[in-house]
Amino acid sequence: MSPKDAMPPLPEPLRVAVADSHTHLDMQKDGTVDEALAKAASVGVTTVVQVGCDVKGSIWAAETAERYENVHAAVALHPNEAPRIVLGDADGWSRQGARQPGGEAALDEALAEIERLAALPHVRAVGETGLDHFRTGPEGMAAQERSFRAHIEIAKRQGKALVIHDREAHADVLRVLREEGAPERTVFHCYSGDAEMAKECAEAGYYMSFAGNMTFKNAQHLRDALAVAPLDLVLVETDAPFLTPAPYRGRPNAPYLIPVTVRAMAEVRGISEDELAGALAANTARAFDY
C-alpha cells in the first residue's frame, strides 16, 4: 500500500462529542460499518448521517440507519444521477456502470422510490440533491433541476431536512429554493460559497456544513464564510471518503478524522474546541431532528 492510500492516524479525541453530518460509509474501500463507527466513537464522533446518492445507495443508507442507533439516513438522487437516469450514461462514470437512457418515466420511478424511503422514521433527510454545473453539461440541466425541485417537495411533504449539493451553481440553487420555498430545515453540505453567500444563507436560516476542504491552502473563501456564519447554523462533516483535511489531503477520509476539521474551524472562529464542538452537536441534532 502506498502512503497515499494509507489511512491517516487517529487524531487526539474530542472532549465534547460531535456528529459527522455527511458521510458515505458505503463508499469506503476497506473495513466494516462497525469498525468505522467504533473508530469514530473512539475520538468523540458518536453520530453520523449516512447519505445516499442513488436509489441503491439510498436503500443502503436507510437499512444501515435502521440497524444502528447512532446512524441517521439521508436519501436522494445526486444532482449528477438525475441526468444519467434520463439520458443514460454511456461511459459508465457512475457506480452502476454504463446505462441506457430511461427518459422522464425512469426519473419519476426513481423519485417515487426516494419518497417511499423518505417516509421511514430513521431517514432524517432528503439529500444530497441540488445542482452541479461542474460535472453536468447543458444537456443535463433540465433533468437536474426537475429532480432538485421534486426533492424539495418530498422533503416538505415528509417533514424532513433537505441536504444540498451545490457545485459551481450558487445563484441557481438559491433561486430554486426561493421559487419552491425551502423546507424548514435546509443544509448546504460541503458549503462552497463565500462570505457574501454565507450572509444570504444565514438570513434564510440555512445550515452551512463545513468539510475538510476548509483546511486547504486555497480555501480562504471558506474560512471567511465560516468566520461570518452564525454559530447556531454551522455543522461539520467529512464527506468521506472524499475531502480529507490537511495535512492528509489526497488520502482516504473517514468519520474519525472529524476532530482535525473541528480544530481548524475553532481556530477560524477564535473559540475553544469544546465550545465549538458543543454548538456543532446541538446544531446537527436540531438540523436532522434527532
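As shown above, the structure is provided for reference.
Summarised in this report is the structure supplied together with it. It should be emphasised that the depicted structure is a prediction, and the values quoted were computed from it without experimental measurement.

1. Quick look at helix α2 (residues 55-67)
End to end, α2 covers 19 Å across 13 residues, agreeing with the expected 18 Å (1.5 Å per residue, within 8%). Regarding α2, the residues found buried are Gly-57, Ser-58, Ala-61, Ala-62, Thr-64 and Ala-65. Relative to the axis of α2, the buried residues are bounded by an arc of 165° and lie together on one face. Of the residues in α2, the exposed ones pointing more than 90 degrees away from the buried face are Lys-56, Glu-66 and Arg-67.

2. Overview of the sheet that holds strand β4 (residues 123-132)
Strand order across the open sheet formed by eight strands is β1-β2-β3-β4-β5-β6-β7-β8, with parallel pairing between neighbours. Every interior strand has two partners, whereas the edge strands, β1 (18-23) and β8 (234-236), have only one. Across this sheet, the average inter-strand angle for adjacent strands is 30°, counted without regard to direction. One ladder, built from four bridges, connects β1 with strand β2 (residues 45-51); its direction is parallel. When the sheet's bridge partners are listed, Ala-19 is paired in β2 with Thr-47. The strands touched by α2 within the sheet are β2, β3 (71-75) and β4, with β3 carrying the most contacts at an inclination of about 155°. Here helix α5 (residues 141-158) sits on the sheet and contacts β4 and β5 (161-167); the angle it forms with β4, its principal contact strand, is near 155°.

3. Structural notes on unusual backbone geometry
Cis geometry is found at the peptide bond from Ala-240 to Pro-241, where omega equals 10°. Assignment of secondary structure puts Pro-241 in the loop between β8 and α9 (258-269). Following Ala-246, the chain continues into Pro-247 via a peptide bond in cis, with omega recorded as 5°. With respect to the helices and strands, the residue Pro-247 is situated in the loop between β8 and α9. With a phi angle near 45°, Cys-190 is a residue other than glycine that sits in the positive phi range. Secondary-structure assignment places Cys-190 in the loop between β6 (186-188) and α7 (195-204).

4. A word on helix α6 (residues 170-180)
For an α-helix, the turn length of 3.6 residues means that residues three or four places apart are oriented alike. Three or more residues of α6 are buried, namely Val-173, Leu-174, Val-176 and Leu-177. Looking straight down α6, one finds its buried side chains confined to an arc of 160°; they lie on one side. Seen from the open side of α6, the exposed residues pointing more than 90 degrees away from its buried face are Ala-171 and Arg-178. In this structure, the buried side of α6 is in contact with β4, α5, β5, β6 and α7. At the C-terminal side of α6, Gly-181 shows a positive phi close to 85°.

5. Considerations on the pairing of β2
Counting buried residues along β2, six of its seven residues qualify, which places the element largely inside the surrounding structure. Sheet topology note: the β2/β3 ladder contains four bridges and is parallel. The residue bridging Val-48 from the neighbouring strand is Val-71, located in β3. Taken together, β2, α2 and β3 form a β-α-β motif whose crossover is right-handed.

6. Details of the side chain of Thr-244
Along the chain, Thr-244 falls in the loop between β8 and α9. In contact with Thr-244, not counting residues within four places along its chain, are Pro-8, Phe-216, Arg-249, Arg-251, Pro-252, Asn-253 and Leu-257.

7. Some words on the packing of helix α8 (residues 220-228) against α9
One way to put it is that α8 packs onto α9 with a least axis distance of 9 Å and a crossing angle of 65°. As the angle between them shows, α8 and α9 are arranged roughly perpendicular. Two packed elements cross with a definite hand, and for α8 against α9 that hand is right-handed. Contacts from Arg-223, Leu-226 and Ala-227 of α8 reach α9 at Met-265, Val-268 and Arg-269. Partitioning the contact of α8 with α9 into residue classes produces four nonpolar, no polar and two charged.

8. Looking at the packing of helix α4 (residues 103-118) against α5
For the pair α4 and α5, interaxial distance at closest approach is 10 Å and the crossing angle is 25°. It follows from the interaxial angle that α4 and α5 lie roughly parallel. Our pair here, α4 against α5, has a crossing hand that is right-handed. In this structure, α4 uses Glu-104, Leu-107, Asp-108, Leu-111, Ile-114, Glu-115 and Ala-118 to contact α5, whose residues at the interface are Ala-143, Arg-146, Ser-147, Ala-150, His-151, Ile-154, Arg-157 and Gln-158. When grouped by side-chain class, the residues that make up the contact of α4 with α5 number seven nonpolar, three polar and five charged.

Rules behind the numbers
Residues numbered from 1 in each chain as written. Predicted model: local features only at pLDDT ≥ 70, side-chain atom pairs only at ≥ 80, totals over all residues. Heavy atoms only, no water. Helix = DSSP H or I, 4+ residues; strand = E, 2+ residues; numbered from the N terminus. Expected span 1.5 Å × (residues − 1). Buried < 20%, exposed > 50% of the residue type's maximum accessible area, 1.4 Å probe, protein only. Arc of directions from axis to C-beta. Pairing = 2+ DSSP bridges. Axes fitted to C-alpha atoms, helices over the stretch in contact; angles between N-to-C directions. Contact = heavy atoms within 4.5 Å. Right-handed = clockwise from strand over helix to strand, strands pointing away. Parallel < 35°, antiparallel > 145°, perpendicular 65-115°, else oblique. Left-handed = near helix turned anticlockwise from the far one by under 90°. Nonpolar A, V, L, I, M, F, W, Y, C, P; charged D, E, K, R; others polar.

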